[in-house]
Each structure stands twice: as C-alpha cells, then as structure tokens.
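Spelled out, the chains give:
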Amino acid sequence: MLRPKRGISRRTALVTLASAAGAIAAPAHAAPPPTPSRSSRLKQSFCRWPYARTPLPEVCRRAKQIGFAAIDLLYPEEWQVARGADLTVSMGYASRRERFIATGFNDPANHELLLGELTTAIPLAADAHVPNVIAMFGNRVAGIDDAAAIANCTAGLSKIAPLAEKHGVTICVELLNSKVDHAGYQGDRTAFGVAVMKGVNSPRVKLLYDIYHMQIMEGDVIRTIRDNINWIGHFHTGGVPGRHEINAGQELNYHAIAAAIADLNFPGYVAHEFVPTRSDPFESLTEAFQLCAV
C-alpha cells in the first residue's frame, strides 16, 4: 500500500486505495497465526474504508471468521449487506456527500443541512438496528472562535437530540487531529468535545474518541478516557505515527488501553480504523482483534 509522508486519513486513504491497485507495501511485522476468537469484555468492530479494495460481502465474511460482530462506517445503502452477513453496523453515515468532515455543527450555516440529514437517517438507523451515526464538529470558520463554536455545536445538536433519544440512536461526534491529517478541524481537543457534550447533556449525543487522533494532539490517553468516559460513546483505534497496525511497531500500548476501557464497563464499541501494511490486510485485523480481546 502506498504510504504518504505524513500520516494517512480516512479521506486520503480512500483515494489511495482506489488508485493504487496492487501497490501494497511489504509487511513490517509478521502476523500471528490465526487462533479461534476468544471472549472479551469489549465489543470490537472495524472500519470499512481501509478495506475498500475488497467487496463488502467478502470483507464481512472474513471479519466474521476473525470473530468480529460489527462493522463501522457504512452508508445507509450498505447496511443491509452487513446485516445479511450477521454483522451489526456499529456506526453508520447519515449521508454520502463531499466535505463530510469539514462541514460540521460549529458553523450555524451548516445546521439546516446536517439536521435534515440526521432527521432522515436516525429513524432508518433505528429500523436497521444501527446504534450509532457519525457527525462532525467541522473545520474552523473565520469569525467563529472556540467559545462560539462550542455554543453553535451545542445549539445544533440540542435540536436533534430529542429525535435521537426517541429512536434510541446515538449521534457520535468525532474528535480529529488538526496537526497531521485534518488541518483546520475545530474539534481537535477532548476539552472542546466535552464542553459540547455537557452543553447538550443527552444520553444520545456522545463523543467518538479517536485514540489515534487524540494521541497526536494530547497524549495521556488512558487518563483522559477515564476522566471523560461518561461523554464518550465510541472509540476508534490506529497506530501512531502513520495510522497503520496497532502492534509493537508504533508508540501506543493498545492492550493496556483496551483493558482500561473494559475496566470502565464501557458498553459501546471499540472499532479498529487503521490502514494495514501487510499483503493480506486481514492478518493485521486478526492481530488487532486478538490484541484487544481483554
């Protein structure tokens, strides 16, 4: 797989995967031999986009063999494919459109679009047994500082929270790094996201705490998770630096992080969102599943 000079994002990886057929890097670490899935205190999922070169039914089949019960970041037209493979869609998109990350609740000019999308998607998610839908804080806009952005996000999300509560679907708003992958993104610190969550104060509006992104911006991951677990509804993983495998080839101890999350009796999903470097990407996914089976 082609590797950019500075990290890789969900957006850029999709472009790379689509344009670089056959250009897969040699594995940096030997994969462990497959072993039967074992019980775990965590519900593990994985994101679809790093496996975009593989048809979705095949992705679902391989994931079930590993032991996964869920898949992350599918569009509404894909939900039934996962359900047919006996996988829960642990996180769904509300829509398929350009500038999904940049267009967020920080700017009131976006609220009509975002609220319209969520108003349509939330009942569909409930009917399809999709527990979470993703949303974004958005890129910085001239004249909207952090205090104003927090107020804007709180106001917008408070309008849709009652519908989410009615249908039992959680809106998860993602924290991203602005240092490497998403320049200009405003929701790039845990404190920013927590301030919005406290303002909305709904059991159905939570943070998507991306461990990869927050390690880049803040570090101190386990303490931060423990201090803010009540405001977190979902996790993503990824190796730092580079967003590749979460094994010993990167700086985070994901077994310890997984154990810390499990010790908090977290009821949601931990979804793997890394770009494999092995020729068989499902070897890397198997490794991650075993590493976080705590």
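It should be noted that the structure appears before, not after, this text.
Residues numbered from 1 in each chain as written. Predicted model: local features only at pLDDT ≥ 70, side-chain atom pairs only at ≥ 80, totals over all residues. Heavy atoms only, no water.

Undergrad: Explain the pairing of strand β4 (residues 132-136) to me, please; I cannot follow it from the model alone.
TA: Within a regular strand, side chains alternate between the sheet's two faces. Most of β4 is tucked away, with five of its five residues classed as buried. The alternating pattern of β4 places N132, I134 and M136 on one face and V133 and A135 on the opposite face, and all of these are buried. Across five bridges, the pairing between β4 and strand β5 (residues 170-174) is parallel. Across the sheet, the residue bridging to I134 is C172, located in β5. (Buried < 20%, exposed > 50% of the residue type's maximum accessible area, 1.4 Å probe, protein only. Helix = DSSP H or I, 4+ residues; strand = E, 2+ residues; numbered from the N terminus. Pairing = 2+ DSSP bridges.)

Undergrad: Hey, could you run me through the packing of helix α5 (residues 146-167) against helix α6 (residues 190-200) in this one?
TA: Packed helices, taken two at a time, are described by their axes: the angle between them and the distance between them. For the pair α5 and α6, interaxial distance at closest approach is 8 Å and the crossing angle is 40 degrees. Looking at the two axes, α5 sits oblique to α6. In the crossing of α5 with α6, the sense of the turn from one axis to the other is right-handed. Here α5 contributes D146, A149, I150, C153, T154, L157, S158 and A161 to the contact with α6, which in turn contributes F192, A195, V196, G199 and V200. Of the residues belonging to the contact of α5 with α6, the class tally is nine nonpolar, three polar and one charged. (Axes fitted to C-alpha atoms, helices over the stretch in contact; angles between N-to-C directions. Parallel < 35°, antiparallel > 145°, perpendicular 65-115°, else oblique. Left-handed = near helix turned anticlockwise from the far one by under 90°. Contact = heavy atoms within 4.5 Å. Nonpolar A, V, L, I, M, F, W, Y, C, P; charged D, E, K, R; others polar.)

Undergrad: Any chance you could explain the packing of aromatic side chains here in plain terms?
TA: For any pair of aromatic rings, the description rests on two quantities: the centre-to-centre distance and the angle between the ring planes. Tallied over the entire structure, the rule returns nine aromatic pairs. Taken together, a centroid distance of 4.8 Å and an interplanar angle of 65 degrees make the contact between F68 and F289 edge-to-face. With F68 in the loop between α2 (56-66) and β2 (70-74) and F289 in helix α10 (residues 281-291), this pair connects stretches of sequence that are 221 residues apart. Judged by relative accessible area, F68 falls into the buried class, the value being 2%. What makes F289 buried here is its relative accessible area of 8%. Centre to centre, the rings of Y75 and Y93 are 4.5 Å apart; their planes meet at 15 degrees, and the pair counts as stacked. One end of the pair, Y75, is in the loop between β2 and α3 (79-84); the other, Y93, is in the loop between β3 (88-92) and α4 (111-127), and 18 residues separate them in sequence. Here the two residues Y75 and Y93 agree in accessibility, since each one is buried. Here the basic side chain of K43 rests over the ring of Y269, its NZ or CZ set 4.4 Å away from the ring centre. Lying over the aromatic face of Y75, R96 brings its terminal NZ or CZ to 3.7 Å of the ring centre. (Phe/Tyr/Trp six-rings, centres within 6.5 Å; stacked < 30°, edge-to-face > 60°. Lys NZ or Arg CZ within 6 Å of the ring centre and 35° of its normal.)

Undergrad: I tried to follow the pattern of salt bridges on my own but got confused; where do I start?
TA: Pairing is possible between side chains that carry opposite charge, provided their charged atoms lie close to one another. Inspection of every chain in the model, using the stated rule, returns 11 salt bridges. Salt-bridge contacts for D280 lead to R62; the nearest nitrogen and oxygen are separated by 3.1 Å. Of this pair, D280 sits in the loop between β8 (269-272) and α10 while R62 sits in helix α2, and the two are 218 residues apart along the sequence. Between E77 and R96 there is a salt bridge whose closest N-O contact spans 2.7 Å. Here R96 lies in the loop between β3 and α4 and E77 lies in the loop between β2 and α3, a separation of 19 residues in the sequence. A network of salt bridges, in which partner residues are shared, links D210, R243 and E273. (Salt bridge = Lys/Arg side-chain N within 4 Å of Asp/Glu carboxyl O.)

Undergrad: How do you make sense of the nonpolar core when you look at a structure like this?
TA: Side chains of nonpolar character tend, in soluble globular proteins, to be buried together. Judged by nonpolar contacts, the single largest core of 91 residues is most densely connected at F137, I171 and F235. Beyond its immediate sequence surroundings of up to four residues, I171 is in contact with L118, I122, V133, A135, L157, I160, A164, R204, V205 and K206. (Core = buried A, V, L, I, M, F, W, Y, C linked by side-chain atoms within 4.5 Å.)

Undergrad: How do you make sense of the environment of F235 when you look at a structure like this?
TA: Mapped onto the secondary structure, F235 falls in strand β7 (residues 232-237). Residues F235 and H272, spaced 37 residues apart in sequence, show a C-alpha to C-alpha distance of 8.3 Å. Look past the residues within four positions of F235 in its chain and what remains in contact with it is L208, Y209, I211, I225, I229, I261, F266, Y269, V270 and A271.

Undergrad: Teacher, can you tell me more about the environment of I257 here?
TA: Note that I257 resides in helix α9 (residues 254-263). Sequence-distant contacts of I257, that is, excluding residues within four places in its chain, are made with I211, V221, I222, I225 and L252.

Undergrad: I would appreciate a short explanation of the side chain of Q186 in the present structure.
TA: You can see Q186 is positioned in the loop between β5 and α6. Owing to a relative accessible area of 0%, Q186 belongs among the buried residues under this scheme. Residues contacting Q186, with those up to four places away along its chain left out, are N106, G138, N139, R140, I144, D145, D146, A149 and F192.

Undergrad: What is the right way to look at the packing of α2 against α10 in this model?
TA: Interaxial distance between α2 and α10 falls to 10 Å at its minimum, and their mutual angle equals 35 degrees. Helix-helix and strand crossings are classified by hand; for α2 and α10 the assignment is right-handed. Contacts between α2 and α10 involve V59, R62 and I66 on the former and, on the latter, F282, L285, T286 and F289. Grouping the constituent residues of the contact of α2 with α10 by class yields five nonpolar, one polar and one charged.

Undergrad: Explanation requested: α2 in the structure shown.
TA: Residues that lie three or four places apart on an α-helix share one face, since the helix turns once every 3.6 residues. Every buried residue belonging to α2 is among L56, V59, C60, A63 and I66, and all of these are buried. Taken end-on, α2 shows its buried residues confined to a sector of 120 degrees, consistent with a single buried face. Structural note: α2 exposes P57 and Q65 on the side pointing more than 90 degrees away from its buried face. Among the structural elements, β1 (43-46), β2, α3 and α10 are those in contact with the buried residues of α2. Just beyond α2, the residue with positive phi is G67, at close to 130 degrees. (Arc of directions from axis to C-beta.)

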